Amino acid sequence: MANSHDPHRPFYGSLQERQVCERVWSKHGVHLEDIPAPSRIYDSHDVQVPGFLPDIPGVRKEVAQYYCSVRRCDDTVGRVLSALHESGQEENTVVMFLSDNGMSFPFAKTNCYLNSTHTPWIVRWPGRVKPGAVNTRDFIEGIDFMPTILDAAGLPTTPGMDGKSFLPLLDGQEQPGRDHVFTVFHKTAGRKSYPMRCLRERRLGYIYNAWADGKTVGSSLDHAMWFHRPFRADQWLLYAQESPVAAGGRGLARGELYTRSGELVVSVMQEGLVRTIS
């Protein structure tokens, strides 16, 4: 397995990158001039600012730095694939490229919003996966990685394992149960608890924030929720467990219903346990 630091922060060309180099990396003998530059440098005129961010000069500059870091990640992947080719094992190797979260910007990382969890998953499997094929219909999850690899290798799946193989999708077949996905977030790298849960299906996503009132923040298990079948966009059941950290022992919960394009359909601030939003 190969892991790339890019495009994590600090982004290429940023003041933060220089400061981290001087404060941390230099202690290990790594200096800014030692770090390879990407094969292409982007400026603020080359980028498209995502709709969930304000299109202002400072944001454009930072998005351009992010683009540069993404390009350097692409360069790294290219070097890995070149090494695989040189090894003579290219035709016998399944290559998967995936990301664990979205770009490091507000609403795109450390949460359950679509731009945080809708991440790339690219598969290269000579003789098995058709080059250039794209699946924009079915949902897969990170927990499906190991079952899929075991399935591809002809090995049995470990009993009780979360996730399931999406090998049928790689073969161009249909696979039942791929019409929705659950996403979960507990706390940040700084151990700040901001528990969120989401049920996303092809048209809509329902997001639960235990901290939406700005103060109801406890451990990741202070608030729990369950979604109950049927999975219908016009009828969602939300169960918010009573929280001992909230005033009076009753937690304020906020539910948000989004379309896949990110449009907010319903926003409910409520106190209590069970509600139906229709």
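Residues numbered from 1 in each chain as written. Predicted model: local features only at pLDDT ≥ 70, side-chain atom pairs only at ≥ 80, totals over all residues. Heavy atoms only, no water.

Caption draft 1: Up close: the packing of aromatic side chains. Scanning the model with the defined rule gives seven aromatic pairs in all. When the ring centre of Phe-105 is taken as origin, the NZ or CZ atom of Arg-9, which lies over that ring, is 5.1 Å away. (Phe/Tyr/Trp six-rings, centres within 6.5 Å; stacked < 30°, edge-to-face > 60°. Lys NZ or Arg CZ within 6 Å of the ring centre and 35° of its normal.)

Caption draft 2: Structural detail: the environment of Tyr-42. With respect to the element layout, Tyr-42 can be found in the loop between helix 1 (15-23) and helix 2 (57-87). With a relative accessible area of 17%, Tyr-42 lands in the buried category. Expressed as a C-alpha distance, the spacing of Tyr-42 and Val-63, which sit 21 residues apart in the sequence, is 9.2 Å. Other than its neighbours up to four places away in sequence, Tyr-42 contacts Ala-64, Tyr-67, Cys-68 and Arg-71. Within the structure, the side chain of Tyr-42 is placed 3.4 Å from the side chain of Arg-71, a separation counted as a polar contact. (Helix = DSSP H or I, 4+ residues; strand = E, 2+ residues; numbered from the N terminus. Buried < 20%, exposed > 50% of the residue type's maximum accessible area, 1.4 Å probe, protein only. Contact = heavy atoms within 4.5 Å. Polar contact = N/O pair within 3.5 Å; in protein donor to acceptor, adjacent residues only side chain to side chain.)

Caption draft 3: Structural view of helix 2. Taking 1.5 Å as the rise per residue, helix 2 with 31 residues should run 45 Å; its terminal C-alpha atoms sit 46 Å apart, in good agreement. Buried residues belonging to helix 2 abut helix 1 and strand 1 (95-98). Immediately downstream of helix 2, the backbone of Gly-88 shows phi near 85 degrees, a positive value. (Expected span 1.5 Å × (residues − 1).)

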